[in-house]
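What the coordinates show
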Amino acid sequence: MKLKFDYNNMMDSAIGEHGIKKTEIDGAMKAHKAAFSEVIDNSGKGWQEWADTPLISAEEITKLNAFGKKIREKASSFVVLGIGGSALGPICVFNALLHLHHNELPEKMRKAPKIYVEDNVDPERMAALFDVIDIKTTYFNVITKSGETSETLSQFIILYNMLKKAVGEKAAKEHIFVTTTIGKGALYNVAKKEGFEIFEVPAGVGGRFSVLSNVGLVPFAVMGLDIESMLAGARAMRSACEREDIYANPALMTAFLQVKSMQAGKNISVMMPYADGLKTMADFYCQIWAESLGKAVDKNNATVNCGQTPAKSLGVTDQHSQVQLYTEGPYDKVVTFIGVEKFGDTVDIPADEKADVGDFLKGHTMNELITAERKSTEFALTKAGRSNFTIMFPEVNTETVGELLMYFMYETAFAGAYLNIDTFNQPGVEEGKKATFAMIGRAGYEQKLAELNSIKKNDAYIIK
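Residues numbered from 1 in each chain as written. Predicted model: local features only at pLDDT ≥ 70, side-chain atom pairs only at ≥ 80, totals over all residues. Heavy atoms only, no water.

The strand order across the open sheet built from five strands is E3-E2-E4-E5-E6, with neighbouring strands paired in parallel fashion. The open sheet has two edge strands, strand E3 (114-118) and strand E6 (197-200), and neither has a second partner. Direction aside, neighbouring strands of the sheet carry axes that sit 20° apart on average. Strand contacts of helix H4 (residues 58-74): strand E4 (138-143), strand E5 (176-180) and E6, with the helix running at about 140° to E6, the strand carrying the most contacts. In this fold helix H5 (residues 85-97) packs onto strand E2 (77-81), E3 and E4, with an angle of close to 145° to the strand it touches most, E3. (Pairing = 2+ DSSP bridges. Helix = DSSP H or I, 4+ residues; strand = E, 2+ residues; numbered from the N terminus. Axes fitted to C-alpha atoms, helices over the stretch in contact; angles between N-to-C directions. Contact = heavy atoms within 4.5 Å.)

Spatially, E1-E12-E11-E7-E10 is the arrangement adopted by the five strands of the open sheet, whose pairing is mixed. Only two strands of the sheet have a single neighbouring strand rather than two, namely strand E1 (4-6) and strand E10 (309-312). Going from strand to strand, the sheet's axes swing by 20° on average, the running direction of each strand aside. The sheet contact formed by E1 and strand E12 (residues 387-393) spans three bridges and is antiparallel. Paired with Phe5 across the two strands is Ile391, which belongs to E12.

Before going further, it helps to spend a moment on the packing of aromatic side chains. This model, assessed by the stated rule, comprises 21 aromatic pairs. With 6.0 Å between their ring centres and 15° between their planes, Phe78 and Phe177 make a pair best called stacked. With Phe78 in strand E2 and Phe177 in strand E5, this pair connects stretches of sequence that are 99 residues apart. Of the two residues, Phe78 and Phe177, both sit in the buried class. On the numbers, 5.5 Å between centres and 20° between planes, the contact of Phe156 with Tyr160 is stacked. Of the two residues, Phe156 and Tyr160 both sit in helix H7 (residues 150-167), four residues apart, roughly one turn of that helix. Residue classification places Phe156 among the buried positions, given a relative accessible area of 6%. (Phe/Tyr/Trp six-rings, centres within 6.5 Å; stacked < 30°, edge-to-face > 60°. Buried < 20%, exposed > 50% of the residue type's maximum accessible area, 1.4 Å probe, protein only.)

Here it is, written out as structure tokens:
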């Protein structure tokens, strides 16, 4: 394991009365054992198949790389169509591992096609996409585990129609490949009928836990990322999370500290990376944490309305917009810093600059400055008695990114076990999906439409 997890500033020894006592950790060994066993004993089973996603064979990796190379050599642009976990996983990995201005690089400097991940149905955004790609040389990965996701299917219908007009029906089929559940769903059925290449999403891998399955690996292979190294990092974290000793298990420890914090009223979890490349890791975290832990009832069907609201923040940027609240506002937050020891580039601040400004900065580097800013914010929060901990990257690469993604999944699973909830369902999301089907006129949802139409708005409460 390359990552380091420093939870000193969660403890009372650092932040006083708002911290957690070591005796609270040591006195909860029964709870630790129960949470650990629930996750590890079910690893690879049911909805925990995600735990086995890093274990694919060398042969499968070779096939993925060969497919990715084939697409990469033909595509001017590559578009991922998906939403939720089908988009957030690819987005955060591309942001972390590709050049931060990848699409703007001259073609000779790019080793892969331009990349777009379309995760919304805003009509202006969809129209804008077709203004910046050449559809004749663009390839599309349509991703939906269920094969029934309205947003993704609408995008697919639009682009497939355009492709057939642009390159002909036979060639259009070669520009689309799908990632979905084998044997079920509208997308699988149309893929079989049309002859699209199909990649499987394992039955027990939910969308928000799917980044290291074909949902992520296929796009990563297309963009030429080292998926073998990424999976090696994920396996290293998997091994660390299988340590029964809470003091040696990063995900078990931080899950417990977060749950204890929730119980103490700290119902907001702020994810604050100090690297632009890791900015969208906060988006990935927000989904997996919110959708997994925000539940009305526990496994005993007792009403709990539990969960912790995730918030995203970017260091240093949001020191100038949010940190005032974190330092002096309510004691209702836990801040997780993500730091980087060695950045991919070093930018000097010239010592010989004659301008009479910022003399204290001259001769230093931006690397030193961003590190000082992170440590200073950690210091300010700790001095104010605010809970925070730090995840440190030695450097950002495919291996450490694989570790972080696996850590987020295990931390979430352990937290759900401590809370005694079903971490892997999402009943609150389903009601909105059904309502959408009804309003669009999907057969079988007439009763839901009648329920929607029965709701009357009071004009007295509408300001015009």
